[in-house]
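# Per-entry structural report
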Amino acid sequence: MNGEDVSLDHEVDTKLEFSERVERGAIMYRMESAWEWLAENIDSKGKLKSEAKQIEQEAAILAMFGKIINSEGIHLQKKPAIMN
């Protein structure tokens, strides 16, 4: 943003596919990071309690990206293993 003025008063091209707007690799990387963090760090009831805020954040990221990826118009060659 470098201090420039930003205008949100523009038309959005609703015909563009998701993959034309967002780099899918970055999303998949972030999903994988969230999944791995959860798998590696939450291994007990105590950790579940002490890391509740971080767990909620990582789960929200997975849920949000999962919903986007599963929405109509998203074409994946192969769904990530965590989506199966």
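How each quantity is defined
- Residues numbered from 1 in each chain as written.
- Predicted model: local features only at pLDDT ≥ 70, side-chain atom pairs only at ≥ 80, totals over all residues.
- Heavy atoms only, no water.
- Helix = DSSP H or I, 4+ residues; strand = E, 2+ residues; numbered from the N terminus.
- Buried < 20%, exposed > 50% of the residue type's maximum accessible area, 1.4 Å probe, protein only.
- Contact = heavy atoms within 4.5 Å.
- Areas by Shrake-Rupley, 256 points an atom, 1.4 Å probe, with all protein chains shown as cover.
- Core = buried A, V, L, I, M, F, W, Y, C linked by side-chain atoms within 4.5 Å.
- Expected span 1.5 Å × (residues − 1).
- Arc of directions from axis to C-beta.
- Salt bridge = Lys/Arg side-chain N within 4 Å of Asp/Glu carboxyl O.

Once that is clear, we can look at the overall build of the protein chain. Helix and strand counts for the protein chain stand at four helices and zero strands. The linear arrangement of helices and strands in the protein chain, starting from the amino end, is α-α-α-α. Within the protein chain, the fraction of its 84 residues that count as buried is 17%. Residue pairs in contact within the protein chain that sit at least 24 positions apart in sequence constitute 52% of those at least 6 positions apart. Taken as a whole, the protein chain presents about 7,100 Å² of accessible surface, with 51% of it coming from carbon and sulfur.

Right, let's get into the nonpolar core. Formed by I27, M31, A34, L38, I55, I61, L62, F65 and I69, the largest nonpolar core amounts to nine residues. Mapped onto this core, the elements with two or more residues apiece are helix 2 (24-41) and helix 4 (52-70). Of all the elements, helix 4 adds the most residues to this core, at five residues.

So, about the side chain of E58. Mapped onto the elements, E58 comes out in helix 4. E58 gets classed as buried once you look at its relative accessible area, which sits at 4%. Ignoring any residue separated from it by four or fewer positions in sequence, one finds E58 in contact with R30, A34, W37 and L38.

With that settled, consider helix 4. End to end, helix 4 covers 26 Å across 19 residues, agreeing with the expected 27 Å (1.5 Å per residue, within 8%). Structurally, helix 4 contributes buried residues whose contacts are with helix 2 and helix 3 (45-50).

Moving on, we come to helix 2. Taking 1.5 Å per residue, 18 residues should reach 26 Å; helix 2 reaches 26 Å between its end C-alpha atoms and fits that length. Turning to helix 2, its buried residues number three or more, namely I27, M31, A34 and L38. For helix 2, the buried positions fall inside an angular range of 60° around the axis, keeping them on one side. Residues of helix 2 that are exposed and point more than 90 degrees away from the buried face comprise Y29, A39 and E40.

Once that is clear, we can look at the pattern of salt bridges. Applying the stated criterion to the full structure yields one salt bridge. Of the charged contacts in the structure, one is a salt bridge between R30 and E58, with a shortest N-O distance of 3.0 Å. Residue R30 is found in helix 2, and its partner E58 is found in helix 4; the two are separated by 28 residues along the sequence.

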